[in-house]
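Spelled out from the first residue to the last, the chains are:
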Amino acid sequence: MNYRNKKIKVGFTTGDINGIGIEILLKVCCKKKLLDFFTPILFGSTKLCFYYKKILNIEINNIREIKNFKEAIDYKINVFNIWKEDIQFESIKINDPESGKYPLSSLKRAVKALKEGKIDVLVTAPVNKKHINFKNSSFFGHTEYLQNVLEGESLMLMIHDILKIALVTNHLPLKKVSTEINIKKIIKSIKILRQSLTIDFCIEKPKIAVLGCNPHSSDNGLIGNEEKTKIKPAIDSLFQDQGCLVFGPYSSDSFFGNQSYRNFDAVLAMYHDQGLIPFKTLTFNQGVNFTAGLSHIRTSPDHGVAYDIAKKGIANENSFEEAIFNAIKIFKNRQEYIKLSSSKLL
């Protein structure tokens, strides 16, 4: 099959039903030229779509219910109605903990379809983790959830044309970061990142920068020792023993301040805000969250549920659009890599 010409089936989750997920999905799918490149399949409810169409006054006439994947057709928002009860969406408030069951069921059904090959890639809309955890489901985020249900080792990787940042630790309290990072974990993260850059982004010999953990990368041990005892040994092991183009550790403030990130294909940060603050500052509403290292492709926009602007019709759909097209591009790059690797073995 020629995957370069194939129209990709993109699965979507609803995200938080009081957030901006459905709004930005409808806005993207209003652009009919974009539907030349993919077929959307939403796991949720046609009623939810019509509810948002009405309150946002969006001109869209291509919402269509399907009962099986063979019914999905091009240029339509194909919707699997996975919630059987008659839900009054207008009566479900933001602070209603019961609202969390809807995005979770949407995610579970979408991931099942992804694993079964019914959809090619998955794009997830933002969720409220607190609401999803209303019955102690221990949901810490999409990355962690997908790690448990898909094959491979996950790595949160924020992507944009000018910057790619991966994280050693994800949704973790800051006080736990130092004890969670170690040589083995850093090496594993670099290897996953390097493999993803090669397979998913067609970078043959990726050059990776690694950030320190402490201010000023510890100032030669004056402010902590994680750089000396954990980060530098991991870098040296990969650089000297395996020939990986990995460098650091760098002090994150000056690294981004003087735009050193432009000299590398990707950056590895030690913790969440160390990576996401500079990423969102430089790329907000254009960046994408990609779960690298897994057997299947999932992306999402670089923002949250945005309750403050939800249902007002002013949400920016650019990051969501970028998430869709990055998922498609990564899917095709992986298929091309598999094809080239197979031909080398013949």
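Look above for the structure.
No experiment lies behind these values; they were computed from the predicted model shown.

Reading the values: the criteria
- Residues numbered from 1 in each chain as written.
- Predicted model: local features only at pLDDT ≥ 70, side-chain atom pairs only at ≥ 80, totals over all residues.
- Heavy atoms only, no water.
- Helix = DSSP H or I, 4+ residues; strand = E, 2+ residues; numbered from the N terminus.
- Buried < 20%, exposed > 50% of the residue type's maximum accessible area, 1.4 Å probe, protein only.
- Contact = heavy atoms within 4.5 Å.
- Areas by Shrake-Rupley, 256 points an atom, 1.4 Å probe, with all protein chains shown as cover.
- Lys, Arg positive; Asp, Glu negative; His and termini not counted.
- Charge placed at Lys NZ, Arg CZ, Asp CG, Glu CD.
- Core = buried A, V, L, I, M, F, W, Y, C linked by side-chain atoms within 4.5 Å.
- Pairing = 2+ DSSP bridges.
- Axes fitted to C-alpha atoms, helices over the stretch in contact; angles between N-to-C directions.

Draft legend 1. Region of the structure containing the overall build of the protein chain. Counting its regular elements, the protein chain contains 11 helices and 12 strands. Overall, the C-alpha framework of the protein chain stretches about 60 × 55 × 35 Å when taken along its three principal axes. Each of the 346 residues in the protein chain was classed as buried or not, and the buried ones make up 51%. A separation of at least 24 residues holds for 73% of the contacts in the protein chain among residues at least 6 apart in sequence. Summed over all atoms, the accessible surface of the protein chain reaches about 16,400 Å², with 51% contributed by carbon and sulfur. Placing the 49 positive and 35 negative side-chain charges of the protein chain at their respective mean positions leaves the two points 4 Å apart.

Draft legend 2. Molecular detail of the nonpolar core. Of all hydrophobic cores here, the largest spans 72 residues; its most connected members are V10, F12, F38, L193, L268, M270 and I324. Here F12 is in contact with L25, F38, P40, I41, L42, F43, S106, L122, V123, F320 and I324, once residues within four sequence places are set aside. Grouped together as the second largest cluster of nonpolar side chains are 21 residues, F43, A72, L107 and L114 included.

Draft legend 3. Here's a closer look at the sheet that holds strand β10 (residues 266-269). Taking strand neighbours across the sheet as the criterion, the 12 strands line up as β3-β4-β2-β1-β5-β12-β11-β6-β7-β10-β8-β9 in an open arrangement whose pairing is mixed. Two strands close off the open sheet at either side, each with one partner strand: β3 (63-66) and β9 (245-250). Each strand axis lies, on average, 30° off the axis of its neighbour in the sheet, ignoring direction. The sheet strands contacting helix α5 (residues 142-149) are β6 (152-159), β11 (288-294) and β12 (298-301), and the helix crosses β6 at an angle near 155°.

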